[in-house]
Amino acid sequence: MSQKLVVRMRRLIRARHYSPRTEQAYVAWVRRYVVFYGGRHPARMGGVEVGQYLTSLATEGRVSAATQNQASSALLFLYREVLGRELRVPGGVLRAKVTRSLPVVLTLEEVQAVCRQLHGTYRLVALVLYGSGLRLLECLELRVKDVDLARREIRVRRGKGGRDRVTVLPEMVGAKLRTHLNRVRVRFERDVATGGGAVVMPEALERKYPRASREWAWQYVFPATRVYRDSATGELRRHHLHETAVQRAVRAAVIGSGIPKRATCHTFRHSFATHLLESGYDIRTVQELLGHRDVRTTMIYTHVLNRGGLGVRSPADSLVGL
């Protein structure tokens with residue numbers, strides 16, 4: 001695949017303010033598409049080849065409908081935006097089967113059991129995920145200015161879909177977070193004293209506020225343990241904690257707790273929503289806290305409440321003496 005094509009695609013994706021994850025996924029799908037056809041340039045192919053590739057993903061790759069849709073979106077972007085061609089995919093593309101699975105939810109006791117297996121920053125991250133209903137990257141990308149300890153709230157900037165929202169910060173988590181931030185500030189001041197202390201600024205803010213990257217307010221709440229030297233500017237910078245490190249720690253904690261559920265970092269968010277509904281909060285409130293665009297997305301949690309499969313009492317509960 002031409003390096004010039006990749007550079008041009010990345011530039012156009014960033015110009016439209018797509019997330020870094022979307023950029024990474026789109027470029028990866030275009031690479032796979034090119035490899036599938038033996039290295040042929042995409043400009044020499046079109047709708048027929050795209051249709052055959054998408055069908056192959058469903059039949060041979062056995063990917064999910066969401067994965068196939070992502071591949072389709074990436075190739076559509078490539079042809080429309082990068083190559084300037086209208087993509088006409090012929091009919092007959094075999095679509096992957098759409099499946100809808102209920103989310104895995106932990107009980108309050110299970111959340112406590114998993115958190116007891118975690119230590120230090122990893123435990124605090126898990127408590128924020130569960131206590132505020134954040135996605136993992138939303139949590140790790142938090143800046144100091146986004147956490148209001150006095151008002152006990154967290155402001156999520158440019159969450160999924162590019163939307164901002166405000167969610168709750170539990171009092172017990174706020175106290176732990178205050179202690180954590182005091183330690184982070186000591187390390188930040190040490191970085192500044194040794195010529196570091198800079199962080200990556202969102203979008204064009206680095207040009208607009210060139211000194212802001214070394215301000216305390218813009219520092220990550222959960223910074224990485226190591227600094228790195230930016231290849232473009234030569235600055236010593238500190239990124240946020242990497243998501244894979246947290247994922248590994250949570251997976252080990254779930255196994256260590258003995259809970260027979262396939263729980264992940266995202267399970268804390270599912271549990272947050274379900275437990276709020278169980279406590280009697282209305283679904284619109286939960287929708288706002290989670291940042292869902294459509295309330296129908298939030299309604300999936302009504303199917304996993306601890307009141308039986310359909311919210312009814314089973315007649316078996318009336319049996320006695322057995």
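Described in the following lines is the structure provided in the data block. (Residues numbered from 1 in each chain as written. Predicted model: local features only at pLDDT ≥ 70, side-chain atom pairs only at ≥ 80, totals over all residues. Heavy atoms only, no water.)

### Notes on the side chain of Gln219
Here Gln219 shows up in the loop between α9 (205–208) and β4 (228–229). Looking at Gln219, the relative accessible area reads 7%, which means it is buried. A distance of 3.2 Å separates the side chain of Gln219 from the backbone oxygen of Gly197, its partner in a polar contact. Sequence-distant contacts of Gln219, defined by excluding residues within four places in its chain, comprise Leu142, Arg143, Val144, Phe188, Gly197, Val199, Ser213 and Arg214. (Helix = DSSP H or I, 4+ residues; strand = E, 2+ residues; numbered from the N terminus. Buried < 20%, exposed > 50% of the residue type's maximum accessible area, 1.4 Å probe, protein only. Polar contact = N/O pair within 3.5 Å; in protein donor to acceptor, adjacent residues only side chain to side chain. Contact = heavy atoms within 4.5 Å.)

### Remarks on the sheet that holds strand β2 (residues 153–156)
With antiparallel pairing, the 3 strands of this open sheet are ordered in space as β1-β2-β3. Edge positions in the sheet fall to β1 (147–148) and β3 (165–168), since each has one partner strand and no second. (Pairing = 2+ DSSP bridges.)

### Overview of the pairing of β2
By the bridge criterion, 2 bridges tie β1 to β2 in an arrangement that is antiparallel. Across the sheet, the residue bridging to Val147 is Ile154, located in β2. What sits between the antiparallel neighbours β1 and β2 is a turn of 4 residues, in which Arg152 has the positive phi angle 55 degrees.

### A look at the layout of surface pockets
Put simply, the second largest pocket is a space of about 280 Å³. Lining the second largest pocket are 13 residues, and of these Val111, Gln112, Leu127, Tyr130 and Met172 sit closest to its centre. At the level of elements, α5 (108–117), α6 (120–132) and α8 (171–193) are the ones that each hand at least two residues to the lining of the second largest pocket. Considering every element that reaches the lining of the second largest pocket, the biggest residue donor is α5, with 5 residues. Residue composition of the lining of the second largest pocket, grouped by class: 8 nonpolar, 2 polar and 3 charged. (1 Å grid on protein atoms, 1.4 Å probe; cavity = no way out; pocket = protein on both sides within 12 Å on 5 of 7 lines; lining within 4 Å. Points joined across faces, edges and corners; volume = space filled by probe spheres on them. Nonpolar A, V, L, I, M, F, W, Y, C, P; charged D, E, K, R; others polar.)

### Points about the nonpolar core
In this structure, Phe222 and Phe268 are the most contacted members of the largest nonpolar core, which totals 50 residues. Per element, the largest residue contribution to this core is 7 residues, and it comes from α6. If you look at the next biggest cluster of nonpolar residues, it comprises 24 residues, including Leu12, Val50, Leu57 and Phe77. (Core = buried A, V, L, I, M, F, W, Y, C linked by side-chain atoms within 4.5 Å.)

### A look at the pattern of salt bridges
With the rule as written, the count across this model stands at 15 salt bridges. Among the salt bridges present, the one from Glu23 reaches Arg10, with a minimum N-O distance of 2.7 Å. Here Arg10 lies in helix α1 (residues 3–15) and Glu23 lies in helix α2 (residues 20–36), a separation of 13 residues in the sequence. The buried category is assigned to Glu23, whose relative accessible area is 7%. Given the relative accessible area of 27%, Arg10 is considered partly exposed. Note that Lys145 and Asp146 form a salt bridge whose closest N and O atoms lie 3.2 Å from each other. Judged by relative accessible area, which is 4%, Asp146 ranks as buried. (Salt bridge = Lys/Arg side-chain N within 4 Å of Asp/Glu carboxyl O.)

### A few points about empty space enclosed by the protein
Scanning the entire structure with this criterion turns up 1 cavity of 30 Å³ or more. Put simply, the largest cavity is a space of about 80 Å³. Val184, Arg187, Phe188, Asp191, Val199, Gln219, Tyr220, Pro223 and Arg238 are the residues that line the largest cavity.

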